[in-house]
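Survey of secondary and tertiary structure
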Amino acid sequence: MELDPDEVFRDDGDDPENEAYQEREATKDLVVYLVDASPRMFSSTCKNEDQEEVTHFHVAVSCISQALKTQIINRSSDEVAICFFNTREKRNLQDLPGVYVLKFTGSEYLDLPTAKLIKEFDQIEEMFMKDIGSQHCIVSGSRENSIYNALWVAQALLRKRSVKSVDKRILLFTNEDDPFGRLKGAIKLDMTRTTLQRAKDAQDLGISIELLPLSRSDEKFNVSLFYADLLGLEGDAITQFLPSAEDRLEDMNLQLRKRIFKKRIVRRLTFAITDGLSIQLNTYALIRPTVTGAITWLDSVTNLPLKIERTFICADTGALVKDPPKRVQHYKNELVKFSMEELSKIKQVSSGYLRLLGFKPLSCLQEYHNLKPSTFLFPSDEEVVGSTHIFVALHRSMIRLERFALAFHGSSTNPRLVALIPQEEIVVAGGQIEPPGMHMIFLPYTDDIRAVEELHLDVNSAAPHATPEQIGKARSLMKRVDLTNFSVCQFSNPALQRHYAILQALALEEDEMPEIKDETVPDEEGMARPRVVKALEDFKLSVYGENYDECDVTDKGDASKKRKAVSENAAKESANYDWIDLAANGKLKDLTVVELKYYLMANNLPLPGKKEVLIKRILSHLGM
């Protein structure tokens, strides 16, 4: 039985005509990158991964550039804006001093992360001092508050978009931990208060502010001087902020090209427990395959996406059929017409609800019953009040009695029996590891279960069994090569990495493709450690004995004898044909591929290729 990956991982939210899909497409991120452009950002340096001295401004620009490239892969519908503050020139809708918003396209400041935007932004360092310029941050005797102006401009940019479901973020890059450090007295208090109030107003509008601090070489970034109040950090959160922010900054600069699926509700279900009693459940997909993006067909002239439209034409008159199409069925010499709605009702097996059938012991559920990735269920009180209370009572009873629920679920085209297995909450050191809820496992039909094929050995030969010594050596080897804290998230798919690297090189017109590191290849350095080598040798000796090399040579000798026998047979078969006459009369094409390979093998010529290639190879060898 072969499973279609697209079908196994498909949910109702993957249908473009489904409301869940349209709601998901409406969900997007609006991001404003705020970059401090004061002279200190250009004078302070740090070492990059190549141990080269680079400025903090270069680090911020590199992080944003890499984030834009990754954003195209993750969610190309997101919109971004790049804004510098503490600048000599100004460009923003509010005409505030010290704030410069980059503008790449026509009239909008928020833009999609396109290849053109990335190519132009990569040149920002070369033209920054000439076209934009840098100026000192807030100085004594000045009432200009550049960070206040920057937050105001960013808030205005994000408020320009009104979408049904949208996440708005401000990412702030700076190495100045106390922007009002040069001020004193009432002026400092007033400017600090107004800036914090501006940040609070933005957060009240649903805009999150995230700080990415750049520590100077002489001192660490002290978040408690000002930004702890701006971000709302208290207690242990202040001490834990800087390490987590540094890790995030490094991840942002070195992040992989990968598709990120945000945690979202796949669909909402109505769980019918009994007649007249139903609750609402939210379903979540726990695992999804990462595949390349969908192909978009473009017009060869305008390079715009093509829109596919389908129309029906009457075969008799050639006119366009505007009425909805109908289906026809022959019955007793008559044509019975069905509309699409009537046909849909006839095919409908269930109402789409999740309907409880009963309960069975957990021992009745076998591992091979888990046919496809499960779906996680969690209650919701948004539409049906009291769903959580009923779900919790049912959940606790099933855990106490060690039962799972058998239910009917599915659409008209794919009805299924499912098993609802309760999962207890797991909390370790005050943190939740596993949430409480239920796993919905799709049970197989009889045709989905394949019988185990038995291996019939020769009656006179006994099946080999490992000795206790061999088992012990194998166990010792596994301990030596076992990966500590293994997770599939530690490795990236090299095929996807190469795919995105090629797209990036083509889109940005780069001369060289970015280097891709294949993390799935064996760790030669780790396998060469003395203890691992010794464990390998011990296992090899326990299985093959001391004459392993001689056995290997014998095996190679047997393979050589087989190849020699095949070659001799091919030479014998090839002698039965008059190849020159066949080639001269054009009759080689009448021979089969096997017959053509007799000649090739007899004359030590390559064998791969289609029939036409083999014929050309023979003609070339005959000099024709």
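Every chain's residues receive numbers from 1 upward, in the order its sequence appears when written. A pLDDT threshold of at least 70 governs which residues receive local features in this predicted model, and a stricter bar of 80 or more applies before side-chain atom pairs are shown or counted, although totals over entire chains, interfaces and linings include all residues. Working from all heavy atoms in the structure, the side-chain values ignore hydrogens and water.

1. With respect to the overall build of the chain
Here a strand is any run of E in DSSP of at least two residues, a helix any run of H or I of at least four, and the numbering for each starts at the N terminus. When its secondary structure is counted, the chain shows 20 helices and 20 strands. Classification of residues uses two cut-offs on accessible area relative to the type maximum, computed with a 1.4 Å probe and protein chains only: under 20% is buried, over 50% is exposed, and between them is partly exposed. In the chain, which comprises 624 residues, the proportion classed as buried is 33%. Total accessible area on the chain stands at roughly 40500 Å², and carbon and sulfur atoms take up 52% of it. All accessibility values rest on the Shrake-Rupley procedure with a 1.4 Å probe; residue burial counts only the protein chains present in the view.

2. Here's the deal with the sheet that holds strand E15 (residues 375-379)
Between any two strands, pairing holds if DSSP finds at least two bridges. Strands sit in the order E8-E9-E15-E20-E17-E16-E14 around a closed barrel of seven strands; the barrel is mixed. Averaged over all pairs of adjacent strands, the angle between strand axes in this sheet comes to 40 degrees, irrespective of strand direction. As judged from the five bridges shared by strand E9 (residues 277-285) and E15, these two strands associate in the antiparallel manner. Following the sheet pairing, Leu281 is matched in E15 by Pro379. Here the axes come from fitting lines to C-alpha atoms, over the contacting stretch only for helices, and the angles between their N-to-C directions go from 0 to 180 degrees.

3. With respect to the pairing of strand E1 (residues 28-36)
Among the nine residues in E1, nine count as buried, and that is most of the element. Of the two faces of E1, the one lined by Lys28, Leu30, Val32, Leu34 and Asp36 and the one lined by Asp29, Val31, Tyr33 and Val35 are each fully buried. Strand direction decides the pairing type here: E1 and strand E6 (residues 166-174), joined by eight bridges, are parallel. Residue pairing for E6: Leu34 is matched across the bridge by Leu172. Sheet topology places E1 next to strand E4 (residues 79-85); seven bridges connect them, and they run parallel.

4. Some words on helix H14 (residues 494-507)
Taking 1.5 Å as the rise per residue, H14 with 14 residues should run 20 Å; its terminal C-alpha atoms sit 20 Å apart, in good agreement. Within H14, burial applies to Pro494, Leu496, Gln497, Tyr500, Ala501, Gln504 and Ala505. End-on, the buried residues of H14 take up no more than an arc of 165 degrees, which puts them together on one face. Structurally, the start of H14 carries an N-cap: the backbone nitrogen of Ala495 is 3.0 Å from a side-chain oxygen of Asn493. By this rule the span expected of a helix is its residue count minus one, scaled by 1.5 Å. Regarding the arc, it is the one traced by the directions from the helix axis to the C-beta atoms. As used in this structure description, the phrase polar contact means that two N or O atoms lie within 3.5 Å; if the pair is within protein, one of them must be able to donate a hydrogen and the other to accept it, and residues adjacent in sequence are counted only when both atoms belong to side chains.

5. Observations concerning the UniProt feature "domain: SAP" (unreviewed entry) in the chain
UniProt positions are given in the numbering used here, feature names are shortened, and annotations may be inferred rather than shown by experiment. When the UniProt feature table is mapped to this numbering, "domain: SAP" (unreviewed entry) covers residues 588-622. Regarding residues 588-622, the helix share stands at 63% and the strand share at 0%, and the terminal C-alpha atoms are separated by 12 Å.

6. What about the nonpolar core?
Within the largest apolar cluster, 39 residues are counted, with the highest numbers of intra-cluster contacts made by Val32, Leu34, Leu211, Tyr227 and Leu230. Ranked by residue count, the leading element in this core is helix H7 (residues 146-159), at seven residues. Joining through side-chain atoms within 4.5 Å is the link that ties buried Ala, Val, Leu, Ile, Met, Phe, Trp, Tyr and Cys residues into a set, and such a set is a nonpolar core. Counting 30 residues, the second largest nonpolar core, distinct from the first, contains Phe57, Val59, Val61 and Ala67.

7. Brief notes about the packing of helix H19 (residues 593-602) against helix H20 (residues 611-622)
At a minimum axis distance of 10 Å, the contact between H19 and H20 shows a crossing angle of 30 degrees. What the angle tells us is that H19 and H20 run roughly parallel. The way H19 lies across H20 gives a crossing that is left-handed. Between H19 and H20, the contacting residues are Val593, Leu596, Lys597, Tyr599 and Leu600 on the first element and Lys611, Leu614, Ile615, Arg617, Ile618, His621 and Leu622 on the second. In the scheme used here, Gly and all other residues not listed as nonpolar or charged are polar, with Ala, Val, Leu, Ile, Met, Phe, Trp, Tyr, Cys and Pro taken as nonpolar and Asp, Glu, Lys and Arg as charged. Within the contact of H19 with H20, the residues separate by chemical class into eight nonpolar, one polar and three charged. With respect to orientation, any angle under 35 degrees is reported as roughly parallel, any angle over 145 as roughly antiparallel, any angle of 65 to 115 as roughly perpendicular, and every other angle as oblique. Each crossing gets its handedness from the near helix: less than a right angle anticlockwise from the far helix is left-handed, clockwise is right-handed. Contacts were defined at the residue level, with two residues in contact if any of their heavy atoms lie within 4.5 Å.

8. Some thoughts on unusual backbone geometry
The backbone phi angle of Asp95 is positive, close to 60 degrees, even though this residue is not glycine. The residue Asp95 is located in the loop between E4 and strand E5 (99-101) in this model. In this structure, Asn604 is a non-glycine residue whose phi angle is positive, near 55 degrees. Residue placement: Asn604 occurs in the loop between H19 and H20. For Asn604, a relative accessible area of 68% corresponds to the exposed category.

9. Brief notes about the sheet that holds E6
Reading across the sheet, the five strands line up as E5-E4-E1-E6-E7 and stay open at both edges, with mixed pairing between neighbours. Of all strands in the sheet, those with a lone pairing partner are E5 and strand E7 (207-213), marking the two edges. If you compare each strand with its neighbour and ignore which way they point, the axes differ by 20 degrees on average. Relative to E5, E4 is paired through three bridges, and the arrangement is antiparallel. When the bridges of E5 are listed, Phe84 appears paired with Tyr100.

10. Remarks on the packing of aromatic side chains
Ring geometry is summarised as follows: Phe, Tyr and Trp rings, the Trp one being its six-membered ring, pair when their centres sit within 6.5 Å, and such pairs are stacked at plane angles under 30 degrees, edge-to-face over 60 and tilted between the two. Following the criterion strictly, the structure yields 11 aromatic pairs and no others. With 4.5 Å between their ring centres and 25 degrees between their planes, Phe42 and Phe57 make a pair best called stacked. Of this pair, Phe42 sits in helix H3 (residues 39-43) while Phe57 is found in helix H4 (residues 56-74), placing the two residues 15 residues apart along the sequence. Take Phe42: its relative accessible area is 23%, and that puts it in the partly exposed class. The class of Phe57 is buried, set by a relative accessible area of 1%. Ring centres of Phe226 and Tyr227 lie 5.0 Å apart, and the angle between their planes is 80 degrees; on these two criteria the pair is classed as edge-to-face. Overall, Phe226 belongs to the buried group, its relative accessible area being 2%.

11. A look at the packing of H7 against helix H8 (residues 185-204)
Contact geometry for H7 and H8: axes closest at 9 Å, N-to-C directions at 15 degrees. Here H8 runs roughly parallel to H7, going by the angle between their axes. The handedness of the crossing between H7 and H8 comes out as left-handed. Of the residues in H8, those in contact with Ile147, Tyr148, Leu151, Trp152 and Gln155 of H7 are Thr194, Thr195, Arg198, Ala199, Asp201 and Ala202. Residue composition of the contact of H7 with H8, grouped by class: six nonpolar, three polar and two charged.

12. Looking at the side chain of Ser574
Its location among the elements puts Ser574 in helix H17 (residues 548-574). Apart from the residues within four sequence positions on either side, Ser574 is in contact with Trp579, Tyr598, Tyr599 and Ala602.

13. Some points on the pairing of strand E16 (residues 403-410)
In this sheet, E16 lies alongside strand E14 (residues 354-361) in antiparallel orientation, the contact comprising six bridges. Opposite Pro361, over in E16, you have Arg403 as the bridge partner. Looking at chain direction, E16 and strand E17 (residues 415-423) are connected through six bridges and run antiparallel. Each residue of the ladder has a partner; that of Ala405, found in E17, is Leu420.

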